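Descriptive analysis of the structure
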Amino acid sequence: TNAAAAEMRERISQGIAAKVQEFPESAHIERQATLLHNAQITTIDSFCLYLIRNHFHEIGLDPAFRVADEGEVKLLKKESMEELFEDSFGSGEEAFRECVEFFCPSGKEKNLEDMIIKLYEYSSSHPWPVQWLQECKKNYDIKTVEELEASDMGQYVCYYLKQMVKGCVETMQQVVDLCQEPDGPYMYGALAEEEFEMLKALSACESLSRWEVKLAAVQFGRLPSKKDESVNADKKEFAKELRNQVKDTLKKLQLQFFGVLLESTVGHIKECKRPVETLVDLALDFGRRLQEKKQEKKVLDFSDMEHYALEILLTEENGRRIPSKVALEYRDYFEEILIDEYQDSNLVQEYLLQAISGEEKGKYNRFMVG
């Protein structure tokens, strides 16, 4: 928040003041006290606003803009949505009617409105929202299981499954190691090793079809009930707990990705294709209408500020986005870039910060906390 940024500036100021008293002869510390007034200690939103106010001419933006408050943006969204639905129903297009029936089976149009808003807002967290939304349509250009497996989505699911099962293998290795300790639950040893080998074989799967078959075939045996006073009770309990974690993880993976057969999944994708494409088009249309209204009123919201700042800092050349002249100037200007609460940043902000840092040229001057 702006208050947090102001507090940080104040704390740094107090820290430097204390050092000035401690080392009154230090010209270096005195210089820091002077430089503090020029330091950009700010929220990312405020930094974006600073960029826009100083470089609006780079992107042809009207300098007479102002930042809209939350209530005003909410009202503009409501007006844009009403106009979108009025025009869409008035057009009588079959694709829109299908979309309404698909997403509003109970007749509640509010469901579709909420989905359009949610999709539009989520797309705004991406550097190039229109391009990202258009790419979403390609996820539904799937007619066979083979195409699903070859798609980016299918490839990612395979990668994800492999990583998750790799973690399970490591956990089961812990169980095996526990069983081999002098006071470990040796009676579980043979079964643990057998299940460890089963998981290693599972992690070798290379396609969704193999994962579907192999995950369904996973079976864990019944732990021996043998009692032995020489076995450490905590280690025995810990071995059981680790093994249960593995079982739970595999069960969740099975339900999450193969609760429905791949053939049926492809069938569902085919059924969804047209309604989803229409939903994406509606989100794009909604965004266009909202942007026109904001431009008429000469207002920006926080998302606009981030995207305009990105437009200032990146330029397109031969199909690639590279740092603009403005970005290169800021790279020379900033000695260090320190980012707090990094876990709360989105991909737009990551591109912004990357554009003004020197890491592309081997100057690693960006430090992140969070």
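Residues numbered from 1 in each chain as written. Predicted model: local features only at pLDDT ≥ 70, side-chain atom pairs only at ≥ 80, totals over all residues. Heavy atoms only, no water.

A few points about the overall build of the protein chain
On a plain count of helices and strands, the protein chain comes out with 16 helices and six strands. Taking 2.2 N^0.38 as the reference for a compact globule, 370 residues should give roughly 21 Å; the C-alpha atoms of the protein chain span a radius of gyration of 28 Å, well beyond that estimate. Dimensions of the protein chain along its principal axes, counting C-alpha atoms only, are 80 × 80 × 40 Å. Out of the 370 residues in the protein chain, the part that is buried amounts to 38%. Within the protein chain, counting contacts between residues at least 6 apart in sequence, those at least 24 apart form 74% of the total. Of the roughly 22,500 Å² that the protein chain leaves accessible, carbon and sulfur atoms contribute 51%. Between the averaged position of the 47 positive side-chain charges in the protein chain and that of its 69 negative side-chain charges there is a distance of 3 Å. (Helix = DSSP H or I, 4+ residues; strand = E, 2+ residues; numbered from the N terminus. Rg over C-alpha atoms; globule rule 2.2 N^0.38 Å. Buried < 20%, exposed > 50% of the residue type's maximum accessible area, 1.4 Å probe, protein only. Contact = heavy atoms within 4.5 Å. Areas by Shrake-Rupley, 256 points an atom, 1.4 Å probe, with all protein chains shown as cover. Lys, Arg positive; Asp, Glu negative; His and termini not counted. Charge placed at Lys NZ, Arg CZ, Asp CG, Glu CD.)

Side note on the packing of helix 11 (residues 208-217) against helix 12 (residues 233-258)
Between helix 11 and helix 12, the shortest axis-to-axis distance is 10 Å and the interhelical angle comes to 135°. The orientation of helix 11 relative to helix 12 falls into the category oblique. Seen along the crossing, helix 11 lies across helix 12 with a hand that is left-handed. Across the interface between the two elements, Leu-208, Trp-211, Glu-212, Leu-215 and Ala-216 of helix 11 pack against Leu-250, Leu-253, Gln-254 and Phe-258 of helix 12. When grouped by side-chain class, the residues that make up the contact of helix 11 with helix 12 number seven nonpolar, one polar and one charged. (Axes fitted to C-alpha atoms, helices over the stretch in contact; angles between N-to-C directions. Parallel < 35°, antiparallel > 145°, perpendicular 65-115°, else oblique. Left-handed = near helix turned anticlockwise from the far one by under 90°. Nonpolar A, V, L, I, M, F, W, Y, C, P; charged D, E, K, R; others polar.)

Details of the packing of aromatic side chains
For the structure shown, the criterion picks out 15 aromatic pairs. Taken together, a centroid distance of 6.4 Å and an interplanar angle of 80° make the contact between Phe-47 and Tyr-330 edge-to-face. Of this pair, Phe-47 sits in helix 3 (residues 44-55) while Tyr-330 is found in helix 15 (residues 325-333), placing the two residues 283 residues apart along the sequence. Side by side, Phe-47 and Tyr-330 carry an identical accessibility label, which is buried. Following the ring pairs from residue to residue traces out a cluster consisting of Phe-47, Tyr-50, Tyr-330, Tyr-333 and Phe-334. One residue, Arg-321, lies across the ring of Trp-128, its end atom 3.9 Å from the ring centre. (Phe/Tyr/Trp six-rings, centres within 6.5 Å; stacked < 30°, edge-to-face > 60°. Lys NZ or Arg CZ within 6 Å of the ring centre and 35° of its normal.)

Side note on the nonpolar core
Counting 35 residues, the largest nonpolar core has Leu-199, Leu-202, Trp-211, Leu-215 and Leu-250 as the members making the most contacts within it. Contributing elements (two or more residues each) for this core: helix 8 (145-150), helix 9 (152-180), helix 10 (189-202), helix 11, helix 12 and helix 13 (262-297). Per-element tally for this core: the top contributor is helix 9, with eleven residues. Grouped together as the second largest cluster of nonpolar side chains are 27 residues, Phe-65, Met-305, Ile-339 and Leu-353 included. (Core = buried A, V, L, I, M, F, W, Y, C linked by side-chain atoms within 4.5 Å.)

Let's talk about a nonpolar patch on the surface
A grouping of Leu-338, Phe-367 and Val-369 is seen on the molecular surface, where their side chains present a nonpolar patch of about 310 Å² in accessible area. A relative accessible area of 39% places Val-369 in the partly exposed class. (Patch = residues over 30% accessible without salt bridge, like charges linked within 9 Å, V, L, I, M, F, W, Y side chains within 5 Å. Salt bridge = Lys/Arg side-chain N within 4 Å of Asp/Glu carboxyl O.)

So, the pairing of strand 3 (residues 314-317)
Here strand 3 runs beside strand 4 (residues 320-323); their pairing, made up of four bridges, is antiparallel. Counted as the bridge partner of Glu-316 is Arg-321 from strand 4. (Pairing = 2+ DSSP bridges.)

A look at unusual backbone geometry
One non-glycine residue, Asn-318, lies in positive phi territory at about 55°. Relative to the helices and strands, Asn-318 is located in the loop between strand 3 and strand 4. Positive phi values are uncommon outside glycine, yet Glu-341 reaches one of about 50°. Among the structural elements, Glu-341 can be located in the loop between strand 5 (337-339) and helix 16 (347-356). Overall, the relative accessible area of 45% leaves Glu-341 in the partly exposed class.

Concerning the side chain of Ser-124
Positionally, Ser-124 belongs in the loop between helix 6 (109-123) and helix 7 (129-138). In terms of polar contacts, Ser-124 uses its side chain to reach the backbone carbonyl oxygen of Tyr-120, at 3.0 Å. Discounting chain neighbours no more than four positions away, the residues touching Ser-124 are Pro-129, Ser-303, His-307 and Val-348. (Polar contact = N/O pair within 3.5 Å; in protein donor to acceptor, adjacent residues only side chain to side chain.)

A few points about the environment of Gln-354
Within the secondary structure layout, Gln-354 lies in helix 16. Taking the relative accessible area as the measure of exposure, Gln-354 reaches 27% and is therefore partly exposed.

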